[in-house]
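# Chains, contacts and geometry: an overview
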Amino acid sequence: GVVVDLEGQERAFGPWKIASGEIFCESASSFAFVNLKPVVSGHVLVAPKRVCKRFTQLSMEEVADLWQLAKVVGKELEANAQDLFADRKKGGSEEALSSVSLTLCIQDGPEAGQTVPHVHIHVLPRQKGDFSNNDQVYDAIDEKETSLSKQLDSDRKDRTPQEMSDEAAKLRALFY
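These notes cover the structure that comes with them. Keep in mind that this is a model prediction, so the values were computed, not measured. (Residues numbered from 1 in each chain as written. Predicted model: local features only at pLDDT ≥ 70, side-chain atom pairs only at ≥ 80, totals over all residues. Heavy atoms only, no water.)

## Remarks on the overall build of the protein
Helix and strand counts for the protein stand at five helices and seven strands. When the elements of the protein are put in sequence order from the N terminus, they spell out β-β-β-β-β-α-α-β-β-α-α-α. Taken over 176 residues, the protein has a buried fraction of 45%. Within the protein, counting contacts between residues at least 6 apart in sequence, those at least 24 apart form 60% of the total. By element, 50% of the accessible surface of the protein is carried by carbon and sulfur atoms, the whole surface being about 9,200 Å². (Helix = DSSP H or I, 4+ residues; strand = E, 2+ residues; numbered from the N terminus. Buried < 20%, exposed > 50% of the residue type's maximum accessible area, 1.4 Å probe, protein only. Contact = heavy atoms within 4.5 Å. Areas by Shrake-Rupley, 256 points an atom, 1.4 Å probe, with all protein chains shown as cover.)

## Here's the deal with the side chain of Asn80
Relative to the assigned elements, Asn80 resides in helix α1 (residues 60-84). Classification of Asn80 as buried rests on a relative accessible area of 19%. One polar contact links the side chain of Asn80 to the main-chain carbonyl oxygen of Glu76, over a distance of 2.9 Å. (Polar contact = N/O pair within 3.5 Å; in protein donor to acceptor, adjacent residues only side chain to side chain.)

## A word on the pattern of salt bridges
Opposite charge on two side chains makes pairing possible when the charged atoms of those side chains draw close. On inspection of all chains with the given rule, the structure shows nine salt bridges. As a salt-bridge pair, Glu7 and Lys49 come within 3.2 Å of each other at their nearest N and O atoms. Of this pair, Glu7 sits in the segment before β1 (11-13) while Lys49 is found in the loop between β5 (44-48) and α1, placing the two residues 42 residues apart along the sequence. Take Glu7: its relative accessible area is 44%, and that puts it in the partly exposed class. Ionic pairing is found between Lys37 and Asp158, a salt bridge with its closest N-O pair at 3.7 Å. Of this pair, Lys37 sits in the loop between β4 (30-34) and β5 while Asp158 is found in the loop between α4 (147-153) and α5 (161-172), placing the two residues 121 residues apart along the sequence. Salt bridges linked by common partners bring Glu7, Arg11, Glu26 and Lys49 together as one network. (Salt bridge = Lys/Arg side-chain N within 4 Å of Asp/Glu carboxyl O.)

## A few points about the environment of Leu174
In this structure, Leu174 sits in the segment after α5. By relative accessible area, Leu174 is classed as partly exposed at 26%. For the pair Leu174 and Cys25, spaced 149 residues apart in the sequence, the C-alpha separation amounts to 9.1 Å. The residues touching Leu174, leaving out its near neighbours within four places in the chain, are Glu76, Asn80 and Leu84.

## A few points about the packing of aromatic side chains
Each aromatic ring pair is specified by the distance between its two centres and by the angle formed by the two planes. Under the definition given, this model contains three aromatic pairs. These aromatic residues form a ring-pair network of at least three members: Phe13, Phe31 and Phe33. (Phe/Tyr/Trp six-rings, centres within 6.5 Å; stacked < 30°, edge-to-face > 60°.)

## Let's talk about the sheet that holds strand β3 (residues 23-26)
Pairing within the open sheet is antiparallel, and its five strands lie in the order β3-β4-β5-β7-β6. The two strands at the open ends of the sheet, each matched to only one other strand, are β3 and β6 (101-105). The sheet shows a mean angle of 20 degrees between the axes of neighbouring strands, direction not considered. Sheet strands in contact with α1 are β3, β4, β5, β6 and β7 (121-126), and its direction is about 20 degrees off that of β7. Packing of α5 onto the sheet brings it into contact with β3, β4 and β5, and relative to β3 it is tilted by some 35 degrees. (Pairing = 2+ DSSP bridges. Axes fitted to C-alpha atoms, helices over the stretch in contact; angles between N-to-C directions.)

## Here's the deal with the environment of Ser29
Locating Ser29 in the fold gives a position in the loop between β3 and β4. Note on Ser29: relative accessible area 26%, which makes it partly exposed.

Now the structure itself:
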């Protein structure tokens, strides 16, 4: 399979370090980790282990590995979102709560909204009505553009290392 044993080490994410406790899944060339500022509950990131600024700089093998890990992670998030993320149970209809979809996207380069100079895929479990206009999710991801994204971003708070580690432990249990 795609998933390999966790190496238990911190990983570079552009100029920053991702603590091993925030990493919940790895493949041969990629790793999945919790997000400091999630747009929705369960919003995680998948990045290549090699620091690489742009998508086109990845080898074909790295591209395949990156997307395969994103697929595996997305499948588990989609299947387990209701159990993993308690806030999804608030204020939604039964239909909305039982139905989860995924948004997977890459912002490749600063003009596309990429703020960390390291290729990464955003994987977001979505539910009906999480944004009044479905495409607002992209504004929320893109912190630098439009007053709408600034308004949405004002509700996004940095999480503590403990909060991130706790979430990663729940997610890790899906893979190991």
